[in-house]
Amino acid sequence: MTKSEVRKKYKALRKSLSLDQIDDFSLAIANRLLQLNIWDKSFYHIFLSIEEQKEVNTEYTLNILAGKDKNIVISKSNFEDASMTHFLLTDNTTIRKNDYNIPEPVDGIEIDSTQIDVVFVPLLAFDNTGNRIGYGKGFYDRFLANCKPETIKIGLSFFEVEAETFEASVNDIKLDYCVTPDRVVQF
């Protein structure tokens, strides 16, 4: 399958999920994250879910991070150059949806990508070598390329590994883990 065929397949699979399934699967993913040996780090980057795209609801993971008193980092997207600016999530952070329904911070304390220890990565699909397919704009690959080499990259997926290995480009950044409702996959 081509990347666009994989995208189409997994968008359709996500679209077929009920809100209750999304909620149950998202909670299961958050609970599985607790099995990982990542909780001694300081800065955790997380995406805020696009409800209209039926993404993994990261609210449960946000609650875990807040409960563990971690520094939570969220991003604002620049669609002109496909870059992201990262901000510390605080009690004073104002969040608004952009034109693509992505919840983003309006402003705040900027965090350099080299400070981030763990990144929870959104995706549509992943293969058994740690390649992921997102929406195809390359925002996360550019961002992850600027993180320090030891930054832990964790995909969050409603679905299990795609049997077919994806064709990776030179700019694709592999995941270290992918967490599904049923298991943790390490690469």
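Residues numbered from 1 in each chain as written. Predicted model: local features only at pLDDT ≥ 70, side-chain atom pairs only at ≥ 80, totals over all residues. Heavy atoms only, no water.

### Notes on the nonpolar core
- Phe-120, Ile-154 and Leu-156 are the most contacted members of the largest nonpolar core, which has 52 residues in total.
- Those residues within four positions of Phe-120 in sequence are excluded, and the remaining contacts are Leu-33, Ile-38, Trp-39, Tyr-44, His-45, Ile-46, Phe-47, Thr-61, Leu-65, Tyr-140, Ile-154 and Leu-156. (Core = buried A, V, L, I, M, F, W, Y, C linked by side-chain atoms within 4.5 Å. Buried < 20%, exposed > 50% of the residue type's maximum accessible area, 1.4 Å probe, protein only. Contact = heavy atoms within 4.5 Å.)

### A few points about the pairing of strand 2 (residues 71–78)
- Across 3 bridges, strand 1 (residues 43–45) lies against strand 2 in parallel orientation. Paired with Tyr-44 across the bridge in strand 2 is Ile-72.
- In this view, the connection linking strand 1 to its parallel neighbour strand 2 by way of helix 3 (residues 59–67) has right-handed handedness.
- The pairing of strand 2 with strand 3 (residues 83–88) spans 6 bridges and is antiparallel. Bridged to Ser-75 within strand 3 is His-86.
- Between strand 2 and the antiparallel strand that follows it, strand 3, lie 4 residues; Ala-82 among them carries a positive phi value of about 55 degrees. (Pairing = 2+ DSSP bridges. Helix = DSSP H or I, 4+ residues; strand = E, 2+ residues; numbered from the N terminus. Right-handed = clockwise from strand over helix to strand, strands pointing away.)

### Looking at the sheet that holds strand 3
- The strand order across the open sheet formed by 8 strands is 6-3-2-1-7-10-11-12, and the pairing between neighbours is mixed. Every other strand in the sheet has two partners, leaving strand 6 (110–111) and strand 12 (184–186) as the edge strands with one partner each.
- By the bridge criterion, 4 bridges tie strand 7 (residues 118–121) to strand 10 (residues 152–156) in an arrangement that is parallel. Looking across to strand 10, one finds that Val-119 is bridged to Lys-153.
- Packing of helix 3 onto the sheet brings it into contact with strand 1, strand 2 and strand 7, and relative to strand 2 it is tilted by some 135 degrees. (Axes fitted to C-alpha atoms, helices over the stretch in contact; angles between N-to-C directions.)

### Some remarks on the packing of helix 2 (residues 19–33) against helix 3
- The N-to-C vectors of helix 2 and helix 3 enclose an angle of 30 degrees; their axes lie 8 Å apart at closest approach. When the interaxial angle is binned, helix 2 and helix 3 end up roughly parallel. At the point where helix 2 passes helix 3, the crossing takes the right-handed sense. Each of Asp-23, Ser-26, Leu-27, Ala-30 and Leu-33 in helix 2 lies in contact with helix 3, whose residues at this interface are Tyr-60, Thr-61 and Ile-64. (Parallel < 35°, antiparallel > 145°, perpendicular 65-115°, else oblique. Left-handed = near helix turned anticlockwise from the far one by under 90°.)

### Description of the side chain of Glu-104
- Topologically, Glu-104 is positioned in strand 5 (residues 103–105).
- No salt bridge is formed by the buried Glu-104. Its closest oppositely charged neighbour is Lys-76, at 5.5 Å.
- Of the polar contacts made by the side chain of Glu-104, one reaches the side chain of Asn-98; its length is 3.2 Å.
- For Glu-104, the contacting residues outside a window of four places in its chain are Ser-75, Lys-76, Ser-77, Thr-94, Ile-95, Arg-96 and Asn-98. (Lys, Arg positive; Asp, Glu negative; His and termini not counted. Salt bridge = Lys/Arg side-chain N within 4 Å of Asp/Glu carboxyl O. Polar contact = N/O pair within 3.5 Å; in protein donor to acceptor, adjacent residues only side chain to side chain.)

### A short note on helix 1 (residues 3–15)
- Over its 13 residues, helix 1 extends 18 Å from the first C-alpha to the last, a length consistent with the 18 Å expected when each residue adds 1.5 Å.
- Looking at helix 1, one finds that the buried residues are Val-6, Arg-7, Tyr-10 and Arg-14. One face of helix 1 carries all of its buried residues, which in axial projection span an arc of 100 degrees. Opposite the buried face of helix 1, by more than 90 degrees, sit the exposed residues Lys-8 and Lys-15.
- Buried residues along helix 1 sit against strand 8 (125–126) and strand 9 (132–133). (Expected span 1.5 Å × (residues − 1). Arc of directions from axis to C-beta.)

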